[in-house]
Amino acid sequence: MSGSTFPPPYITDLDWDCYLSPNESDVNYTCWYENLYPDSRGPKDPSYYSLKYQIVGTVFQGIVLIVGILGNIMVVIVVTRTRSMHTPTNCYLVSLSIADFMTLIASVPNEILAYYLLGDEWIWGRVGCAIFIFLQYLGINVSSLSITAFTIERYIAICHPMKAQIVCTVSRAKKIIIGLWIFACLYCSPWLFLTKIKPLQYKGLEDRETCTFALSRKNYLGYFFADFILFYIFPLLLSCVLYGLIARVLFTRDIQKNSNGKSNGLVSPQESKKNSSNGTSARAQVRNFFS
């Protein structure tokens, strides 16, 4: 290539990751510059999901959406309209159902719609991008907090039944749930400002946008790590410990009950039935012997 240099002198070797094939001329360079800098590629060719992929994805995610919506709505209606079900445990279940319902509405319909759009196209604008992402994280985090609160309530009710009569009340459960939702809303509120709309470039198409991060992804590592610790690791470890204590208490009570019953001369229903059948069989053998 006389009279010209390739790559240009203002582009360093780190910018252009090129190599020269030994069997080809100097002109036929193979470069990965586009892979390093995707924005330099220019407009992309429009691409859609295949028809089979659209059908399968729509059917399965549609089933998840319908079952999830109906199931969670039924839980809320049944618990709220049945006075006998107004218990602390069911209060946490209602909170969990509302959080799951929110997550479904904020995520699954958009996933189904994405099967029929271009690539990562987003049609709900800047406000929709912020709200949908916020609701997704809010629903997931409130679900984790509700399950954790439910586990603590079960532990107190089973392992400390006398204290549960004072601590585990419906009014207290409602206050705890309100506190959990307020905390989750405040914790997830940064997502209202951490997303943005970015234009997409497709050949022959204009005014296409996508919902993406407002900052570089490395700036979100601390936030994601806090999510992982607060809403996954901590609830998981706490649940394992509490359910282990619950199992120990129940197992110990069964052993004490069986030992007390035997020492007092009491017989379990299974043993009584077995002894009765053995006695009947013995009497039948005596009658047959003398008949």
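The rules we used
Residues numbered from 1 in each chain as written. Predicted model: local features only at pLDDT ≥ 70, side-chain atom pairs only at ≥ 80, totals over all residues. Heavy atoms only, no water. Axes fitted to C-alpha atoms, helices over the stretch in contact; angles between N-to-C directions. Helix = DSSP H or I, 4+ residues; strand = E, 2+ residues; numbered from the N terminus. Parallel < 35°, antiparallel > 145°, perpendicular 65-115°, else oblique. Left-handed = near helix turned anticlockwise from the far one by under 90°. Contact = heavy atoms within 4.5 Å. Nonpolar A, V, L, I, M, F, W, Y, C, P; charged D, E, K, R; others polar. pLDDT = per-residue confidence, 0-100. Disulfide = S-S within 2.5 Å. Buried < 20%, exposed > 50% of the residue type's maximum accessible area, 1.4 Å probe, protein only. Patch = residues over 30% accessible without salt bridge, like charges linked within 9 Å, V, L, I, M, F, W, Y side chains within 5 Å. Areas by Shrake-Rupley, 256 points an atom, 1.4 Å probe, with all protein chains shown as cover. Salt bridge = Lys/Arg side-chain N within 4 Å of Asp/Glu carboxyl O. UniProt positions renumbered as here; feature names shortened; annotations may be inferred. Expected span 1.5 Å × (residues − 1). Core = buried A, V, L, I, M, F, W, Y, C linked by side-chain atoms within 4.5 Å.

Trainee: Any chance you could break down the packing of helix α3 (residues 88-114) against helix α6 (residues 170-188) for me, citing the residues and the numbers?
Mentor: Contact pair α3 / α6: the axes reach a minimum separation of 8 Å and the direction vectors enclose 25 degrees. The orientation of α3 with respect to α6, classified from their angle, is roughly parallel. You can see that α3 and α6 cross each other, and the crossing is right-handed. Residues P88, C91, Y92, S95, I98, A99 and M102 of α3 form the contact with α6, whose participating residues are V170, A173, K174, I176, I177 and W181. Classifying every residue of the contact of α3 with α6 gives 11 nonpolar, 1 polar and 1 charged.

Trainee: Quick rundown of the confidence of the model for the protein chain? Include the residues and the values.
Mentor: Residues with a pLDDT of 70 or more make up 73% of the protein chain, whose mean pLDDT is 79. Note on residues 1-40: pLDDT is under 50 here. Beyond four places in sequence and across chains, it has 32 contacts. Per-residue pLDDT stays below 50 along residues 274-291; that stretch engages in 1 contact with residues further than four places along the chain or on separate chains.

Trainee: Tell me about the state of the cysteines, and please be specific about residues and values.
Mentor: Simply put, the disulfide is a covalent bond whose two ends are the sulfur atoms of two cysteines. This structure, assessed with the given rule, holds 1 disulfide. Here C185 stays free of any disulfide, with the sulfur of C188 as its closest cysteine sulfur at 7.4 Å. Residue C185 is classed as partly exposed on the basis of its relative accessible area, which comes to 29%.

Trainee: Just give me the short version of a nonpolar patch on the surface, but keep the residues and values in it.
Mentor: A grouping of L51, I55, V56, V59, F60, I63 and V67 is seen on the molecular surface, where their side chains present a nonpolar patch of about 690 Å² in accessible area. Tracing the chain through its elements places V56 in helix α2 (residues 51-81). Taking relative accessible area as the criterion, V56 reaches 46% and is therefore assigned partly exposed.

Trainee: So what about the packing of helix α4 (residues 125-159) against α6? Which residues, and what values?
Mentor: Where α4 contacts α6, the axes come no closer than 9 Å and their chain directions differ by 145 degrees. Relative to α6, α4 is oriented so that their crossing is right-handed. Two secondary-structure elements touch here, α4 through F134, Y137, L138, N141, V142, L145, S146 and A149 and α6 through L180, W181, F183, A184, C185, Y187 and C188.

Trainee: Report on the UniProt feature "transmembrane region" (unreviewed entry) in the protein chain, specifying residues and quantitative values.
Mentor: According to UniProt, the "transmembrane region" (unreviewed entry) feature falls on residues 55-79, 91-117, 123-152, 173-193 and 229-251. In the segment residues 91-117, helix accounts for 89% and strand for 0%; the C-alpha atoms at its two ends are 40 Å apart.

Trainee: Describe in detail α2, supporting the description with residues and values.
Mentor: An ideal rise of 1.5 Å per residue puts 45 Å on 31 residues; α2 measures up with 44 Å between its terminal C-alpha atoms. On the buried face of α2, the contacting elements are α3.

Trainee: Provide a residue-level description of the nonpolar core, including the pertinent values.
Mentor: Across soluble globular proteins, nonpolar side chains show a tendency to be buried alongside one another. Grouped together as the largest cluster of nonpolar side chains are 22 residues, with contacts concentrated most on L138, V142, W181 and W191. Secondary-structure elements contributing two or more residues to this core are α3, α4, α6 and α7 (221-263). For this core, the leading source of residues is α6, giving 7 residues. Once you skip the residues sitting within four places of it in the chain, W181 turns out to touch S95, I98, A99, M102, L138 and V142. Counting residues in each nonpolar core, the second largest holds 8 residues, with Y155, C159, C168 and V249 among its members.

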